[in-house]
Amino acid sequence: GYGDYEKFRGSFDIRYRNMGGQNRQVVLRAEKSSVDEKYILNYKEPWLFNRRGLPFNGFLKYEKGESVNADTRELYYRFAKLSFVSEIEIELSRNLKAGLAYEYSYSDTTDVAPGAIISKDDTGTLGISSFSPSLFYDLRDNPFDPTSGSINGIVLKFASKAYLSEVEFVKGTFQSTWFFLMKKGVVFAVSLKGGLAHVFGDSEELPLIERFFLGGRSTNRGYLHDMLGPKGDDDIPTGGNVFALLNSEFRISVRKGLGFVVFLDGGNVWQVIEDINHELKYSVGTGLRYRTPVGPVRIDYGYKLNREEGESSGELHFSFGHAF
């Protein structure tokens, strides 16, 4: 595929679906683009401890990449990360699922632009050990191209030195996304997302690799990738501990898989909770769509409604899949 930020990208995976005749799966996957690459070994156990309805997933991941300015390709930082993740998921009802994940990650962040640094943990090596409970209620009629229903969820992340993490924080994100079929070929979609993190113990700031960023094709389309929110020297984004995001769009089918959207996006990022104000950055725009079996190919242009001096009037994005 191709995206405005990653440029050309691709993936390859090989999997064995039925080890020992017990529906156990092993997957080896590789992904690569112009800004990152990932290698993932995944083991899936359908009945953990031989209990029906208690699937287990284990991941060993290695990824490395860089954060760059989507327009100038200026380097903000590079990272390499090795992580182990284990998770279980319980289906409480047909549409309600609860999950619990444990992750230990060891990352090395290098070549960090001075303007992006606000914490001693923003450069060098860092080990993070965390537990993440989650809850999702999914009523969508089609996960790839929904026309009705909703998906609502919350994910928490707890990192503590009690289980060998080098930094301590609690972090939560939530989403509520709804789809309404107005009439044949016209869908109204609206989504509200937010996140909040708090650092405690001896940690001073949330590490760079854990902070929230907004801007780009799947958040606020009037802005370049990660460019909405607080910035340091040389206009380099630093991310923050708090974010709010609103997306809404009309999805209109025309003929033979072609369609278009009109949208309104709004959101912002704040460095800490004390910085929160009521100012959201809004953008409006339109886009073209071509439907495929796994979601649409799309081109969007977002126009800033409350741009500041020196900012562009808007941004063009190209990618696959719906914005939300």
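Residues numbered from 1 in each chain as written. Predicted model: local features only at pLDDT ≥ 70, side-chain atom pairs only at ≥ 80, totals over all residues. Heavy atoms only, no water.

**Brief notes about the confidence of the model for the chain**
Line of reasoning, step 1. Averaged over all residues, the pLDDT of the chain is 93; the fraction at 70 or higher stands at 100%.
Line of reasoning, step 2. Across the chain, the element-wise mean pLDDT spans from 84 in strand E1 (residues 2-3) up to 98 in strand E9 (residues 149-159). (pLDDT = per-residue confidence, 0-100. Helix = DSSP H or I, 4+ residues; strand = E, 2+ residues; numbered from the N terminus.)

**Focus on the packing of aromatic side chains**
Line of reasoning, step 1. Under the defined criterion, the tally for this structure stands at nine aromatic pairs.
Line of reasoning, step 2. Taken together, a centroid distance of 4.9 Å and an interplanar angle of 50° make the contact between Tyr102 and Phe131 tilted. Of this pair, Tyr102 sits in strand E7 (residues 96-110) while Phe131 sits in strand E8 (residues 124-138), and the two are 29 residues apart along the sequence.
Line of reasoning, step 3. Taking the relative accessible area as the measure of exposure, Tyr102 reaches 22% and is therefore partly exposed.
Line of reasoning, step 4. For the pair Phe131 and Tyr163, a centre-to-centre distance of 5.0 Å together with 85° between the ring planes defines the contact as edge-to-face. Placement of Phe131 in strand E8 and of Tyr163 in the loop between E9 and strand E10 (169-183) is noted, with a sequence separation of 32 residues between them.
Line of reasoning, step 5. The cationic tip of Lys171 hangs over the ring face of Phe212; the distance from NZ or CZ to the ring centre is 5.1 Å.
Line of reasoning, step 6. The ring of Phe324 carries the charged tip of Arg251 above its face, separated from the ring centre by 5.1 Å. (Phe/Tyr/Trp six-rings, centres within 6.5 Å; stacked < 30°, edge-to-face > 60°. Buried < 20%, exposed > 50% of the residue type's maximum accessible area, 1.4 Å probe, protein only. Lys NZ or Arg CZ within 6 Å of the ring centre and 35° of its normal.)

**Considerations on the pattern of salt bridges**
Line of reasoning, step 1. On inspection of all chains with the given rule, the structure shows 27 salt bridges.
Line of reasoning, step 2. One salt bridge in this structure joins Lys81 and Glu103, with 3.8 Å as the shortest N-O distance. Here Lys81 is found in strand E6 (residues 75-91), whereas its partner Glu103 is found in strand E7, with 22 residues between them in sequence. We note that Lys81, like Glu103, is buried.
Line of reasoning, step 3. Members of the salt-bridge network, linked through shared partners, are Arg221, Glu249, Arg251, Asp265, Arg289, Arg298 and Asp300. (Salt bridge = Lys/Arg side-chain N within 4 Å of Asp/Glu carboxyl O.)

**Remarks on the environment of Arg15**
Line of reasoning, step 1. Checked against the element boundaries, Arg15 lands in strand E2 (residues 7-19).
Line of reasoning, step 2. Between the C-alpha atom of Arg15 and that of Leu28, which follows or precedes it by 13 residues, the distance is 6.3 Å.
Line of reasoning, step 3. Apart from residues no more than four positions distant in its own chain, Arg15 is found in contact with Gln25, Val26 and Val27. (Contact = heavy atoms within 4.5 Å.)

**With respect to unusual backbone geometry**
Line of reasoning, step 1. For Asn23, which is not glycine, the phi dihedral falls at a positive 65°.
Line of reasoning, step 2. As for its position among the elements, Asn23 is in the loop between E2 and strand E3 (24-33).
Line of reasoning, step 3. Classification of Asn23 as partly exposed rests on a relative accessible area of 44%.

**Comments concerning the nonpolar core**
Line of reasoning, step 1. With 15 residues, the main nonpolar core has Ile128, Val167, Phe169, Leu206, Leu214 and Phe243 as its most contacted residues.
Line of reasoning, step 2. The set of elements that each furnish at least two residues to this core consists of E8, strand E11 (186-199) and strand E12 (242-255).
Line of reasoning, step 3. When sequence neighbours within four positions are dropped, the list of residues in contact with Leu206 reads Asp122, Phe169, Ala197, Val199, Arg211 and Asn241.
Line of reasoning, step 4. Ranked by size, the runner-up nonpolar core spans 13 residues in total, among them Tyr5, Val35, Val68 and Ala70. (Core = buried A, V, L, I, M, F, W, Y, C linked by side-chain atoms within 4.5 Å.)

**Structural notes on the side chain of Asn241**
Line of reasoning, step 1. Relative to the assigned elements, Asn241 resides in the loop between E11 and E12.
Line of reasoning, step 2. Judged by relative accessible area, Asn241 falls into the buried class, the value being 6%.

**Here we look at the environment of Asn220**
Line of reasoning, step 1. Looking at where Asn220 falls in the secondary structure, it is placed in the loop between E11 and E12.
Line of reasoning, step 2. Residue class for Asn220 comes out buried when judged on its relative accessible area of 0%.
Line of reasoning, step 3. Separated by 129 residues in the primary sequence, Asn220 and Glu91 place their C-alpha atoms 33 Å from one another.
Line of reasoning, step 4. Once you skip the residues sitting within four places of it in the chain, Asn220 turns out to touch Gly215, Leu228, Leu245, Asp265, Gly266, Gly267, Lys281, Tyr282 and Ser283.
Line of reasoning, step 5. Among the polar contacts made by the side chain of Asn220, one reaches the main-chain carbonyl oxygen of Lys281 at a distance of 2.8 Å. (Polar contact = N/O pair within 3.5 Å; in protein donor to acceptor, adjacent residues only side chain to side chain.)

**Observations regarding the pairing of strand E5 (residues 56-68)**
Line of reasoning, step 1. Both strand E4 (residues 36-45) and E5 contribute to a ladder of 10 bridges, which runs antiparallel. Paired with Tyr39 across the two strands is Tyr62, which belongs to E5.
Line of reasoning, step 2. Summarising the sheet, E5 and E6 pair through 13 bridges and their orientation is antiparallel. Paired with Phe56 across the bridge in E6 is Ile88.
Line of reasoning, step 3. From the end of E5 to the start of E6, which pair antiparallel, there are six residues, and Arg73 there has a positive phi angle of about 65°. (Pairing = 2+ DSSP bridges.)

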